[in-house]
Amino acid sequence: MKKVLALVLAMVTSMSLVACGGGADTAGSSGGASGSGEEKTVTLSLAHIRPVDSSADIAIRAFADEATELSDGTIQFDIYPASQLGEYTTVQERVSIGDVDMQIASLGSNMDKFFAMSNAAYLCATWDEARKLFAEDSEMVKLYTEKLADYNLTYLANYPLYFGGISLNTDAIDPTNPNAKSGIKIRVPSMTTFEKTATTLGYLATPLPSSEMFTAVQTGVVDGAIGAGAEMYYGNLSGLNKYYLPINDHFECWWMYINTDKWNSLSDKQREALQTAAKHMTEKRWEVAEQETAEYEQKLADSGCVVVEYTEEQLQNFADVVREAVWPVIAEEYGTENFEAVTNSIK
């Protein structure tokens, strides 16, 4: 009888240990796949910088809906538009440390000067060049993917916006001449490429954050701005755009990325869902970006702003003048080898 009882106790103990072991594995799973093989539902925080119901906000929500559907509901999102979690450079750092899961925005050079390279003056000058420059198999995307990884960030996609130009709240002086020396004081982002471009084109560059742009123009601290395009000027400088010079000085492209630790915690199916939805978002954006730029230029014109028209030859003259003066300076900042690899890849 004692032997039977001992055997029963041994069996009960063994079964308890197995059960505990399985429970510990499930509880310890930090991502999409649990020890039982079932995926855990995860809610990702996703930040961006455009207002609710803007074209970008609509596209980002469509991405989130598709990722949720492709993951069979195991990926959910808390979306924070309009810089609700902080200025994009701050959120970039928060994603790096895992305080925020994802962001789609420009990349701040405060983390690494290299990240300003995609905004380099006249890196591309036409939409066809832009498509080639930011293609998934391009040298640019390869370099950015590698550099993001250095900061615990995993690249998912890019999001093309527009070519940039100059907005003026005063009369333009010889606006089709790249060698005109107007002396007009304009706001520039705190990046060497914009400061050097502005001065090369005869403007007085005043570095200011975008959050101060409206007030600076309104109060006359500056009489215009460079570093954005028709969409941003129409939305952020309403009533202050007297002239718009669409000189295509830079191409604005956002980057979507996720904290690498969070990425690694997801299941293969969840990662595939994110990648597929991100790919579709980018493809759809390329289909409408050029037309949307033209629409915002027309909106500026309809609001009373004079939108200067440029021939292809005139735009090429601007590109030639700026590239000769600015590229040697910014190439050193981004790393000459990196910069030449990108510029050579689109020739």
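Residues numbered from 1 in each chain as written. Predicted model: local features only at pLDDT ≥ 70, side-chain atom pairs only at ≥ 80, totals over all residues. Heavy atoms only, no water.

Caption draft 1: Geometry of the packing of aromatic side chains. The tally for this structure, following the rule as stated, stands at 20 aromatic pairs. Aromatic side chains Trp327 and Phe339 sit 5.4 Å apart centroid to centroid with 85° between the ring planes, which places their arrangement in the edge-to-face category. Of this pair, Trp327 sits in helix H11 (residues 312-334) while Phe339 sits in helix H12 (residues 336-345), and the two are 12 residues apart along the sequence. Just as Trp327 is buried, Phe339 falls in that class too. An aromatic cluster is defined as three or more aromatic residues linked by ring pairs; in this entry it consists of Phe114, Phe115, Trp127, Phe134, Tyr144, Tyr151, Tyr155, Phe163, Phe251, Trp255 and Trp286. Lying over the aromatic face of Trp263, Arg271 brings its terminal NZ or CZ to 5.9 Å of the ring centre. The lysine or arginine in question, Lys299, covers the ring of Tyr296, its NZ or CZ lying 4.5 Å from the ring centre. (Phe/Tyr/Trp six-rings, centres within 6.5 Å; stacked < 30°, edge-to-face > 60°. Helix = DSSP H or I, 4+ residues; strand = E, 2+ residues; numbered from the N terminus. Buried < 20%, exposed > 50% of the residue type's maximum accessible area, 1.4 Å probe, protein only. Lys NZ or Arg CZ within 6 Å of the ring centre and 35° of its normal.)

Caption draft 2: The arrangement of the layout of surface pockets in detail. Empty space within the largest pocket amounts to approximately 920 Å³. Along the wall of the largest pocket there are 34 residues; nearest its centre are Ile49, Arg50, Tyr88, Ser210 and Met232. For the lining of the largest pocket, the elements supplying multiple residues, two or more each, are helix H3 (88-97), strand S4 (153-163), helix H8 (230-236) and strand S10 (251-259). With four residues, H8 is the largest single contributor of residues to the lining of the largest pocket. Residues of the lining of the largest pocket, tallied by class, amount to 14 nonpolar, 15 polar and five charged. Taken as a whole, the second largest pocket encloses approximately 580 Å³ of empty space. Looking at the lining of the second largest pocket, the elements that each hand over two or more residues are helix H4 (127-133), helix H10 (268-302) and H11. Top contributing element to the lining of the second largest pocket by residue count: H11, with five residues. Across the lining of the second largest pocket, the residue classes tally to 13 nonpolar, four polar and six charged. (1 Å grid on protein atoms, 1.4 Å probe; cavity = no way out; pocket = protein on both sides within 12 Å on 5 of 7 lines; lining within 4 Å. Points joined across faces, edges and corners; volume = space filled by probe spheres on them. Nonpolar A, V, L, I, M, F, W, Y, C, P; charged D, E, K, R; others polar.)

Caption draft 3: Looking closely at the nonpolar core. Ranked by size, the top nonpolar core spans 63 residues in total, and within it Met117, Met140, Tyr203, Leu245, Phe251, Trp255 and Phe339 carry the most contacts. In terms of nonpolar packing, the next biggest core, distinct from the first, is built from 44 residues, Ile60, Phe63, Tyr162 and Leu208 among them. (Core = buried A, V, L, I, M, F, W, Y, C linked by side-chain atoms within 4.5 Å.)

Remember that the coordinates give geometry; whether it matters functionally is a separate question.
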